[in-house]
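This is what each chain is made of:
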Amino acid sequence: MRIKIIREPEGGAIGASLGHYRPGEVYDIPANLAEYLVMEEFAIFEMRGHDRQPKPVAIERRRRRSRGPRAES
C-alpha cells in the first residue's frame, strides 16, 4: 500500500522502526503499517493517477442497419 509521509513518525510500531520515514516521501509498505501511520496522522494514502484502478470502459454498442432495399424518392 502506498503512503506519503506528512510528518515525521516517532518511535516504532508493529515491530518496525519508524525513524527512517521522511516527510514528503512516498513509500510502498504493508497495509497494516500503512493504516497505522494514516490513523496516527503521520501519513496519507498516496492516490496518484497511475496507482488507481482504471475505470471500466463502456462497451460500445453498434447499431445494426437494415441491409434491405432502400426506398428511392
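What you are looking at is a predicted structure, and each value in this text was computed from that prediction instead of being measured.

Attention shifts here to the overall build of the protein chain. Each helix and strand counted, the protein chain has one helix and five strands in total. Counting from the amino terminus, the protein chain carries its helices and strands in the arrangement β-β-β-β-α-β. Within the span of the protein chain, comprising 73 residues, buried residues form 19% of the whole. Put simply, of all contacts in the protein chain between residues at least 6 apart along the chain, 48% involve residues at least 24 apart. Total accessible area on the protein chain is roughly 6,700 Å²; 48% of this is exposed by carbon and sulfur atoms.

Two modes of strand pairing occur in sheets, parallel and antiparallel, and in both the strands are linked by backbone hydrogen bonds. One open sheet accounts for three strands, arranged S4-S1-S5; its pairing is antiparallel. In this open sheet, the two edge strands, each paired with only one partner strand, are strand S4 (26-28) and strand S5 (43-45). For this sheet the average axis-to-axis angle between neighbouring strands, irrespective of direction, equals 35°. In this structure, strand S1 (residues 2-5) lies alongside S4, joined through three bridges in antiparallel fashion. The residue of S4 that forms the bridge with Lys4 is Val26.

Our focus in this paragraph is the pattern of salt bridges. A full pass over the atoms with the stated rule returns one salt bridge. Two residues, Arg22 and Glu8, come together in a salt bridge whose shortest N-O distance is 3.5 Å. Here Glu8 lies in the loop between S1 and strand S2 (12-13) and Arg22 lies in the loop between strand S3 (16-17) and S4, a separation of 14 residues in the sequence.

This paragraph deals with the environment of Glu46. In this fold, Glu46 is placed in the segment after S5. Glu46 sits in the buried class, given a relative accessible area of 9%. Through-space distance from the C-alpha of Glu46 to that of Ile5 is 9.3 Å; in sequence the pair is 41 residues apart.

Okay, the nonpolar core next. Membership of the largest hydrophobic core is limited to twelve residues, which are Ile3, Ile5, Ala13, Leu18, Tyr21, Tyr27, Ile29, Leu33, Ala34, Leu37, Phe42 and Ala43. Elements supplying a minimum of two residues to this core: S1 and helix H1 (31-39).

So, how was this worked out
Residues numbered from 1 in each chain as written. Predicted model: local features only at pLDDT ≥ 70, side-chain atom pairs only at ≥ 80, totals over all residues. Heavy atoms only, no water. Helix = DSSP H or I, 4+ residues; strand = E, 2+ residues; numbered from the N terminus. Buried < 20%, exposed > 50% of the residue type's maximum accessible area, 1.4 Å probe, protein only. Contact = heavy atoms within 4.5 Å. Areas by Shrake-Rupley, 256 points an atom, 1.4 Å probe, with all protein chains shown as cover. Pairing = 2+ DSSP bridges. Axes fitted to C-alpha atoms, helices over the stretch in contact; angles between N-to-C directions. Salt bridge = Lys/Arg side-chain N within 4 Å of Asp/Glu carboxyl O. Core = buried A, V, L, I, M, F, W, Y, C linked by side-chain atoms within 4.5 Å.

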